[in-house]
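Now for the letters of each chain:
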Amino acid sequence: MPRMRLPIERIEAIPARVPTIRPHHLAFATVDAMDVVIVRVTAGGVEGYGEASTIGGPRWGEESPEGIAAIVGTYLAEAMLGKDAAQLNTAEARIARAVRGNHFAKAALSMALHDAVARAEGIRLADLLGGPQATHLPLAWTLASGDTARDIEEGEQMLTLRRHRDFKLKIGAHAPEQDVAHVAAIARAFEGRASVRVDVNQAWDEPTAARFLPALADAGVVMAEQPVAGWHVPAMARLQRANPRLAIMGDEGVATPQDALRHVTEAACHAVALKPAKHGGVAGTRAVAAIARTAGLGLYGGTMLEGTIGTLGALHLYSTFGDYAWGTELFGPLLLRDTLATGEIEFRDFAIHLPEGPGIGTDLDGDKLEHFRTDRNRTLLP
Ligand code: MUC
Ligand code: MG
């Protein structure tokens, strides 16, 4: 018997800006607030929630909060209103066909539809996806205060709190010599107590990466994320071959299943960062994960620093995949000064824990959304 029909009655995309607890320094931007788009759908009278998060607007990738809200609220809404949310495969295929690219926008709507269907059935999103293989996943933290001593202090706090023992350092904004010295000091401080990884966010060219990756490996770094431009797959392959002591991870360069396949066939990396936003939703994330796992690449549960809603959507999906060679970095809500959700995620014992409630396991906080939304509260914009 087919599932009960859940006709899509309403699709809203609301941009909001939530301040961070401290400035977050990346190669391409420093952010002190996260710009997100909350997608709220109503299907068969049931609400579901999704979230797209951008880091510094269209700087990490091509999509901006304004563009995401426009794509969801116009083109995707036009394609999906009146359609049956319960037929999730058809819905995702229709979303994929409705516009080209715009993966963040598609992913936020895909997640909202999945959440609505799970809620309508009174089950967790992970159960709708076949069931979790784990109730909690390892959780990394990004040390990116912009100051070495402050990063070490922050890392010590995380170890004491038993919240994180894997640290990702954001480099690429400074001279590579300075970045390597910063990383080496932190790796020394945490030697034997925490793992240290770096994310260059595409900032280096191949000669720079060829020169400095060995120094990072000498310092004890175990993984280097996207050291060169996402399009430069041959450089990734040469760098991985020349640096077998560390795993090179594809992030910006691995968005579509075709990207994943190319990284596999060219042996361009040992690890892949999953992000539903990059892959355009649930189906795309499953496809990329399947290609990576089939080829023996280590999985990493990546983040675009989403708040509670986006983080939980990703967590439910990630929990269905099983082994994570590199854990996850679903710490976005901990970087934010406030939340747009009514419930809180359990972060403890170096892990993020899957909630029990239906759907993603929490509701949208309508009052907070009103407070932080940027389409009405213009004064919140810089
Ligand atoms: C990225 O490129 O991985 C994830 C964690 C973090 O601090 O930044 C993001 C983006
Ligand atoms: Mg990255």
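Residues numbered from 1 in each chain as written. Chains lettered and ligands numbered in written order. Predicted model: local features only at pLDDT ≥ 70, side-chain atom pairs only at ≥ 80, totals over all residues. Heavy atoms only, no water.

**A short note on the site of ligand 1**
Stage number 1. Of all residues adjacent to ligand 1, which total 16 residues, the nearest are His 24, Trp 60, Thr 142, Lys 168 and Asn 201.
Stage number 2. Measuring from an oxygen atom of ligand 1, one finds a side-chain N or O atom of Asp 251 at 3.1 Å.
Stage number 3. For ligand 1, an oxygen atom lies 3.1 Å from a polar atom in the side chain of Lys 275.
Stage number 4. With the chains in place, 100% of the 280 Å² that ligand 1 exposes on its own is no longer accessible.
Stage number 5. Looking at the shell around ligand 1 residue by residue, the classes come out as 5 nonpolar, 4 polar and 7 charged. (Near = heavy atom within 4 Å. Polar contact = N/O pair within 3.5 Å; in protein donor to acceptor, adjacent residues only side chain to side chain. Areas by Shrake-Rupley, 256 points an atom, 1.4 Å probe, with all protein chains shown as cover. Nonpolar A, V, L, I, M, F, W, Y, C, P; charged D, E, K, R; others polar.)

**As for helix H6 (residues 176–189)**
Stage number 1. Between its terminal C-alpha atoms H6 stretches 20 Å, which fits the 20 Å expected from 14 residues at 1.5 Å a residue.
Stage number 2. Every buried residue belonging to H6 is among Pro 176, Asp 179, Val 180, His 182, Val 183, Ala 184, Ala 185, Ile 186 and Ala 187, and all of these are buried.
Stage number 3. Buried residues belonging to H6 abut strand S5 (141–143), helix H5 (148–160), strand S6 (166–170), strand S7 (195–199) and helix H7 (206–218). (Helix = DSSP H or I, 4+ residues; strand = E, 2+ residues; numbered from the N terminus. Expected span 1.5 Å × (residues − 1). Buried < 20%, exposed > 50% of the residue type's maximum accessible area, 1.4 Å probe, protein only. Contact = heavy atoms within 4.5 Å.)

**Re the packing of aromatic side chains**
Stage number 1. Per the stated rule, a full pass over the model turns up 5 aromatic pairs.
Stage number 2. A ring pair is formed by Trp 204 and Phe 212, whose centres lie 6.2 Å apart and whose planes are at 45°; its orientation type is tilted. Judged on exposure class, the residue Trp 204 and its partner Phe 212 are both buried.
Stage number 3. Over the aromatic face of Trp 141 sits the side chain of Arg 163, whose NZ or CZ is 5.1 Å from the ring centroid. (Phe/Tyr/Trp six-rings, centres within 6.5 Å; stacked < 30°, edge-to-face > 60°. Lys NZ or Arg CZ within 6 Å of the ring centre and 35° of its normal.)

**Focus on the coordination of the magnesium ion (ligand 2)**
Around a metal, the perfect tetrahedron of four donors has angles of 109.5 degrees, and the perfect octahedron of six donors has angles of 90 or 180 degrees.
Stage number 1. The protein atoms that coordinate the magnesium ion (ligand 2) are Asp 199 (OD), Glu 225 (OE) and Asp 251 (OD), at distances spanning 2.1 to 2.2 Å.
Stage number 2. Read in sequence order, the donor residues coordinating the magnesium ion (ligand 2) give the pattern D-x25-E-x25-D. With Asp 199 in strand S7 and Asp 251 in the loop between strand S9 (247–250) and helix H9 (257–265), this residue pair connects regions lying 52 residues apart in the sequence.
Stage number 3. Of the residues examined, Asp 199 reaches a relative accessible area of 1% and is grouped as buried.
Stage number 4. According to the relative accessible area criterion, Asp 251 is buried, its value standing at 0%. (Donors = N, O, S within 2.8 Å, 3.2 Å for Na, K, Ca; no water.)

**A word on the sheet that holds strand S1 (residues 8–25)**
Through backbone hydrogen bonds, the strands of a sheet pair up, either in parallel or in antiparallel fashion.
Stage number 1. Read across the sheet, 3 strands follow the order S1-S2-S3 without closing on themselves; strand pairing throughout is antiparallel. Where the open sheet ends on each side, the last strands, each with one partner, are S1 and strand S3 (46–54). Between one strand and the next, the sheet's axes are offset by a mean angle of 20°, whatever the strand orientation.
Stage number 2. In the sheet, strand S2 (residues 30–43) pairs with S3 via 9 bridges, with the strands oriented antiparallel. Note on S3: the bridge partner recorded for Ala 43 is Val 46.
Stage number 3. Against the sheet, helix H1 (residues 65–80) makes contact with S1, S2 and S3, and its axis sits at roughly 160° relative to S1, the strand it touches most. (Pairing = 2+ DSSP bridges. Axes fitted to C-alpha atoms, helices over the stretch in contact; angles between N-to-C directions.)

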